[in-house]
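Fold and geometry: a report
Residues per chain, in single letters:
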Amino acid sequence: GNQIDAPKIIKTKPNSSGDKSFVGIGKPMNDINNPQFDDQGYTLYANEETGEKTRVFEALVDYPSIFKMKIIGANESTFALEMVQIVAESCNVAVDDVAHSTRVKGKWLSLTVNA
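This write-up is about the structure you can find in this document. (Residues numbered from 1 in each chain as written. Predicted model: local features only at pLDDT ≥ 70, side-chain atom pairs only at ≥ 80, totals over all residues. Heavy atoms only, no water.)

1. Some remarks on the sheet that holds strand S5 (residues 108-114)
Within a sheet, each strand pairs with its neighbour through backbone hydrogen bonds, oriented either parallel or antiparallel. Spelled out, the test is: We treat two strands as partners when DSSP finds at least two bridges between them. Segments assigned H or I by DSSP are reported as helices when at least four residues long, segments assigned E as strands when at least two residues long, and all are numbered from the N terminus. The axes are straight lines fitted to the C-alpha atoms, using for helices just the contacting stretch, and the angles between their N-to-C directions are given from 0 to 180°. Pairs of residues are marked as contacts when any of their non-hydrogen atoms sit within 4.5 Å.
Across the sheet, which stays open at both edges, the 3 strands sit in the order S3-S5-S4 with antiparallel pairing between neighbours. Bordering the open sheet on either side are strand S3 (68-74) and strand S4 (99-105), each of which pairs with just one other strand. Averaged over all pairs of adjacent strands, the angle between strand axes in this sheet comes to 20°, irrespective of strand direction. Of the strands in this sheet, S3, S4 and S5 touch helix H2 (residues 79-91), which is tilted by about 145° from S3.

2. Points about the layout of surface pockets
Convention followed: Grid spacing is 1 Å over the protein atoms alone, the probe is 1.4 Å, and a cavity is where that probe fits but cannot get out, while a pocket is an open set with protein on both sides within 12 Å along at least five of seven lines and lining residues have an atom within 4 Å of a point. Grid points are joined across faces, edges and corners, and a volume is the space filled by probe spheres set on the points. Charged means Asp, Glu, Lys or Arg here, nonpolar means Ala, Val, Leu, Ile, Met, Phe, Trp, Tyr, Cys or Pro, and polar covers whatever is left, Gly included.
In this model, the largest pocket occupies a volume close to 240 Å³. Taken together, 13 residues make up the lining of the largest pocket; nearest its centre are Met29, Asn30, Asp31, Gln36 and Leu44. With 3 residues, strand S1 (residues 44-46) is the largest single contributor of residues to the lining of the largest pocket. Here the residues of the lining of the largest pocket sort into 7 nonpolar, 4 polar and 2 charged.

3. Quick look at the packing of aromatic side chains
Test applied: Note on ring pairs: Phe, Tyr and Trp rings are taken, using the six-membered ring of Trp, and paired if centres are within 6.5 Å. Classes follow the plane angle, with under 30 degrees stacked, over 60 edge-to-face and the rest tilted.
On inspection of all chains with the given rule, the structure shows 1 aromatic pair. Relative to phenylalanine 67, the ring of phenylalanine 57 has its centre 5.7 Å away and its plane inclined at 25°; by these criteria the two rings are stacked. Of this pair, phenylalanine 57 sits in helix H1 (residues 56-60) while phenylalanine 67 sits in the loop between H1 and S3, and the two are 10 residues apart along the sequence.

4. What about a nonpolar patch on the surface?
We count it as follows: Patches here: salt-bridge-free residues with over 30% relative accessible area, like charges joined within 9 Å, nonpolar side chains (Val, Leu, Ile, Met, Phe, Trp, Tyr) joined within 5 Å. The Shrake-Rupley method, run with a 1.4 Å probe, gives the accessible areas here. Residue values count only the displayed protein chains as cover. We count a salt bridge whenever a side-chain nitrogen from Lys or Arg sits within 4 Å of a carboxyl oxygen from Asp or Glu. Think of it in three bands: residues with accessible area under 20% of the maximum for their type are buried, residues over 50% are exposed, and the middle band is partly exposed, with areas taken using a 1.4 Å probe on protein chains only.
The grouping of Phe57, Tyr63, Phe67 and Met69 at the surface amounts to a nonpolar patch, some 390 Å² of accessible area in total. When you line up the elements, methionine 69 lands in strand S3. The partly exposed category is assigned to methionine 69, whose relative accessible area is 32%.

5. Details of the side chain of threonine 112
Quick note on the threshold: Here a polar contact is taken to be a pair of N or O atoms separated by no more than 3.5 Å, where protein atoms must pair a possible hydrogen donor with a possible acceptor and residues adjacent in sequence count only if both atoms sit in side chains.
Structurally, the position occupied by threonine 112 is in strand S5. There is a polar contact of 3.3 Å between the side chain of threonine 112 and the side chain of lysine 70.

6. Here's the deal with H2
What counts, and what does not: How far a helix is expected to stretch is found by multiplying one less than its residue total by 1.5 Å. Here the arc refers to the directions that run from the helix axis out to each C-beta atom.
With 13 residues, H2 should cover 18 Å at 1.5 Å per step; its first-to-last C-alpha distance of 18 Å lies within 8% of that length. Inspection of H2 places Phe79, Ala80, Met83, Val84, Val87 and Ala88 among the buried residues, and these make up the whole buried set. Along the axis of H2, the buried residues cluster in a sector spanning 165°; they form a single face. Residues of H2 that are buried sit in contact with S3, S4 and S5. Just beyond H2, the residue with positive phi is asparagine 92, at close to 55°.

7. Focus on the side chain of aspartate 38
Considering the arrangement of structural elements, one finds aspartate 38 in the segment before S1. Accessibility expressed as a relative area gives 19% for aspartate 38, which makes it buried. Of the polar contacts made by the side chain of aspartate 38, one reaches the backbone nitrogen of glutamine 40; its length is 2.9 Å. Here arginine 55 takes part through its side chain, which lies 2.7 Å from a polar atom of the side chain of aspartate 38. Ignoring sequence-local partners within four residues, the contact set of aspartate 38 consists of Leu44 and Arg55.

Pasting the structure below:
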């Protein structure tokens, strides 16, 4: 017949601020078939040890981080420089600090930026 899996129990120690430990019993907190969202529509991730919920991206990425982005646009003389400038402004760094490379294929230019 069908077997029922034992409930998942998570025991943790109180943190440094004296908060009580968190114990989870039953289904996993992060059910991919039934995600939870915050008031702005971002998917939430629950820390399985503390129960604290944060946005998935913020919970799973350590900051500061270097991200590789690929930007594709028309192969025009100023496109790559303009995109690097926008990335630099968004990251609050100098244009010279944004590592990038370009690849041209016909009328399109692919710009890979590490910022």
